[in-house]
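If you want the building blocks of each chain, they are given just below.
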Amino acid sequence: MAARDVVRREELFPSSSSEQLPTLGPQQAAAASAKGAPLLAARPSVSTIVPVLNEEAGLEATLRYLQQELHPPAQEIIVVDGGSTDRTVQVARRCGVRVVAAGRGRARQMNAGAAVARGKVLGRLVQQIGGIAGAVLSCCCDVLVFVHADTRPPPSLLPEALAALRRPQVVLGGFRPVIEHEGKPLRFFSANNTLKTYYGPLLLRPISFLRGLRCLFGDQTLFCRAADFRRVGGYDSRLPIMEDADLCIRLHMAGPAARPGRRGQVVQVTSVPNRTSGRRLASWGSLHATAVHVLIGLSWYVGASPQQLVSIYHRLYTDVYR
């Protein structure tokens, strides 16, 4: 796993890049860990990455939400298109966000967004917010946030994410998912997606669970330090699905850059919800959707190759939302 991470890191963030983040030496890392500080860049910044494929109908609402409804609003938004055949790209450009083209596949798209992310400095926001929230903002920076096109993160996304990342051992976080369809919550799916964050690793990797592993998925809006993301080479772009759970495990095993030799903690923020469209789940029904996800999850866990997962994905995901 570690060797593959090194290869992915060199492919995604080449060592020759002038934009590569500086790394701490052993004494600096130990000092940062002793102070309870995460590995941070010089100034706080954040980038929000949105992978899309034929999302013309709902993308503008999502982007306007990120620009206007978050407190503070998203600064740098990168929409990564996987080859849309509708007007998705035109909608994104009309909203004034950066648009990047990438190969099809959420993992590949999110990696492409992370590779070009530069963030926006939050110093002015720190001064405006002040108090405890301002202190949190002032000591966290270079954060990547991954939001799916049919998702609404909590309005307090940024302060919540940065507060979680203020804890040095945290390497990845997400939010309690509320899955909705036509304005109504799908209670079974929402509860199951919240709980499987815990019972999945508890059943399958109990030692890792006790050391801080939780399994997050794309419907939870994920956030992490760019330094930690780059350290493991980002998402595994070979995976058509389960890329989020795979990232959770690899970040947990690698641990935070500021605490060498420690396992990283993956956390779910339960105080505020992340709202996601349940259009596919509603069309499938509870039994069908549960069976599909169990089959894919177990296939991935027992070691199905990326090619086998691609075959399973295309065999089972036959609707228009993939």
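Residues numbered from 1 in each chain as written. Predicted model: local features only at pLDDT ≥ 70, side-chain atom pairs only at ≥ 80, totals over all residues. Heavy atoms only, no water.

Caption draft 1: The overall build of the protein, seen in detail. Check the secondary structure of the protein and you find 15 helices and ten strands. A total of 322 residues make up the protein; the buried ones form 52% of that total. Pairs at least 24 apart in sequence give 77% of the contacts found in the protein among residues at least 6 apart. (Helix = DSSP H or I, 4+ residues; strand = E, 2+ residues; numbered from the N terminus. Buried < 20%, exposed > 50% of the residue type's maximum accessible area, 1.4 Å probe, protein only. Contact = heavy atoms within 4.5 Å.)

Caption draft 2: Focus on the pairing of strand β10 (residues 265-277). Alignment of strand β6 (residues 151-152) against β10, held across two bridges, turns out to be antiparallel. Along β10, the bridge assignment pairs Arg-152 with Arg-275. Across ten bridges, the pairing between strand β7 (residues 170-181) and β10 is parallel. Following the sheet pairing, Phe-175 is matched in β10 by Val-269. (Pairing = 2+ DSSP bridges.)

Caption draft 3: Expanded view of helix α12 (residues 243-254). End to end, α12 covers 16 Å across twelve residues, agreeing with the expected 16 Å (1.5 Å per residue, within 8%). Those residues of α12 that sit buried are Glu-243, Asp-244, Ala-245, Asp-246, Leu-247, Cys-248, Ile-249, Arg-250, Leu-251 and His-252. Immediately downstream of α12, the backbone of Gly-255 shows phi near 75°, a positive value. (Expected span 1.5 Å × (residues − 1).)

Caption draft 4: Structural detail: helix α15 (residues 306-316). Regarding α15, the residues found buried are Pro-306, Leu-309, Ile-312, Tyr-313 and Leu-316. Down the axis, α15 shows its buried residues gathered within 120° of arc, on one side only. Away from the buried face of α15 by more than 90 degrees, exposed residues Gln-307 and Arg-315 are located. (Arc of directions from axis to C-beta.)

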